[in-house]
Amino acid sequence: RDMKKLRVMMVVHYTLVPPDDLHDKNDPRMDKFRTEYDVKTALLNLGHEVQVVGVYDDLAPIRKTNEEWKPHIAFNLLEDFAGNSAFDYYVVSYFAMMRIPYTGCNPRGLLLARDKALTKMILTYHRISIPDFDVFPLGKKISQQRKFTYPLIVKSLTEEGSVGIAKASYVENETQLRERVTLIHEKLHGDAIAEQYIDGREFYVTVLGNTKLEVLPIRELVFDNTEPGTPRMATYKVKWDDKYRERWGIDYQFARNMPNGMEERINHLCKRVYHLLDMNGYGRIDLRVTASGELYVLEANPNPGIARDEDCTLSAIKSGLSYEDFIQRILHLGLTFRSFE
């Protein structure tokens, strides 16, 4: 790997600039700045120079740092602009227009993969199985266009990180569907999507690369003794509440006991999805696999979490990389991506 010392402009949400005196793992502030702290520390350990730029609703700080410091690359950790997660790809477009190399996904890939309905349409066109779905736009009368087999899962069309997914997202009839869609409209002020609940194993597959892709060891969300009457799904609580997971024997781990040939099928499918959605850099594909071995793509996540303890990172480490190697790979993929042709 090329260990040239780089000037790295780390672009983060303005509230997430890690404080200079944050060093202790047990510091109560660590929770909030985890990703930013981990990435910054890794970059410094790799011998790079780092300037952290906090952004809210103005691109001027990026422009100023670019002009005055001439960074080799922007390490992009922004997930929204002016509080709107749908705007993240505009910031990346700005990097491209300014000819600043950047880490992670290109604007088109972000646009296609962040819009869950658009993702599903593209995959359906290419005959890739996805749960049947319907979109309920904000501000329109809630009416069902499609005939569904219940149960369904109702979620936000654009939010990431299981935001707005709770036990009540699992709906078993039209009344519950209406209630949940209304709640998402009111609470998250955005469109809702309802999709068929697929019973099966849930896999998280990390893909690294721009053109030549590498699939890292597969993670699985395992439910050992689910709460009675609850569907097995990654609710917000499952994702972010350790105590809850402990209580119900829910665990994120490496996939074991895969049927013969299943891993190859999954790897092939995930590379296809990644290419079809124009993703690059690093991404995570979430799948469900039924008892009969059918693969359903749930969603594709460009720029997934890369703090030290997240699924993608754990997969990278399992594949033989150190955390620093992983961050260096992400930098390298950013530097070598031809986004300016």
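Notes on the structure in this doc start here. Note that this is a predicted model, so its numbers are computed, not measured.

Brief notes about the packing of helix H1 (residues 30-45) against helix H11 (residues 323-336)
Now for step 1: Put simply, H1 and H11 touch, their axes get as near as 9 Å, and they point 90° apart. Compared by their axis directions, H1 and H11 come out roughly perpendicular. Along its contact with H1, which presents Asp38, Val39, Ala42, Leu43 and Asn45, the element H11 presents Tyr323, Glu324, Ile327 and Leu331.
Now for step 2: Looking at the contact of H1 with H11 residue by residue, the class counts come to 6 nonpolar, 1 polar and 2 charged.

Points about H1
Now for step 1: Relative to the 22 Å expected for 16 residues at 1.5 Å per residue, H1 spans just 18 Å between its end C-alpha atoms, considerably shorter than the ideal helical length.
Now for step 2: Listing the buried residues of H1 in full gives Met30, Phe33, Thr35, Glu36, Tyr37, Asp38, Val39, Lys40, Ala42 and Leu43.
Now for step 3: Glycine 47 sits one or two residues past H1 and shows a positive phi near 90°.

Details of the side chain of asparagine 210
Now for step 1: Within the secondary structure, asparagine 210 sits in the loop between strand E8 (201-209) and strand E9 (214-215).
Now for step 2: We classify asparagine 210 as buried; its relative accessible area is 13%.
Now for step 3: Side chain to side chain, asparagine 210 and asparagine 280 meet in a polar contact 3.3 Å long.
Now for step 4: A polar atom in the side chain of asparagine 210 sits 2.9 Å from the backbone oxygen of leucine 333.
Now for step 5: Ignoring sequence-local partners within four residues, the contact set of asparagine 210 consists of His275, Met279, Asn280, Gly281, Leu333, Thr336 and Phe337.

Considering the environment of aspartate 132
Now for step 1: Mapped onto the secondary structure, aspartate 132 falls in the loop between helix H5 (116-125) and strand E4 (133-136).
Now for step 2: Taking the C-alpha atoms as reference points, aspartate 132 and arginine 146, 14 residues apart in sequence, are found 9.2 Å from one another.
Now for step 3: In contact with aspartate 132, not counting residues within four places along its chain, are Arg146, Lys147, Phe148, Ala194, Glu195 and Gln196.

Conventions we followed
Within each chain, residue numbers correspond to sequence positions counted from 1 in written order. Predicted model: local features are reported for residues with pLDDT of at least 70 only, side-chain atom pairs are reported and counted for 80 or more only, and whole-chain, interface and lining totals are derived from all residues. Side-chain metrics in this entry use all non-hydrogen atoms of the structure; hydrogen atoms and water are not considered. For helices, the axis comes from a line fit to the C-alpha atoms of the stretch in contact; other axes are also lines fit to C-alpha atoms, and the angle between any two N-to-C directions lies between 0 and 180 degrees. By definition, any uninterrupted DSSP run of H or I lasting at least four residues is a helix, any uninterrupted run of E lasting at least two residues is a strand, and each is numbered from the N terminus. Note that the term roughly parallel is reserved for angles under 35 degrees, roughly antiparallel for angles over 145, roughly perpendicular for angles of 65 to 115, and oblique for everything else. The contact criterion used is simple: two residues touch if any of their non-hydrogen atoms lie within 4.5 Å. Nonpolar residues are Ala, Val, Leu, Ile, Met, Phe, Trp, Tyr, Cys and Pro. Charged residues are Asp, Glu, Lys and Arg, and all others, Gly as well, are polar. Expected span, for any helix, means 1.5 Å times one less than how many residues it has. Buried means the residue's accessible area, taken with a 1.4 Å probe over protein chains only, is under 20% of the maximum for its type, while exposed means over 50%, and partly exposed covers the values in between. By the criterion applied in these results, polar contacts are pairs of N or O atoms within 3.5 Å in which, for protein atoms, one can donate a hydrogen and the other can accept it, and in which residues neighboring in sequence qualify only through two side-chain atoms.

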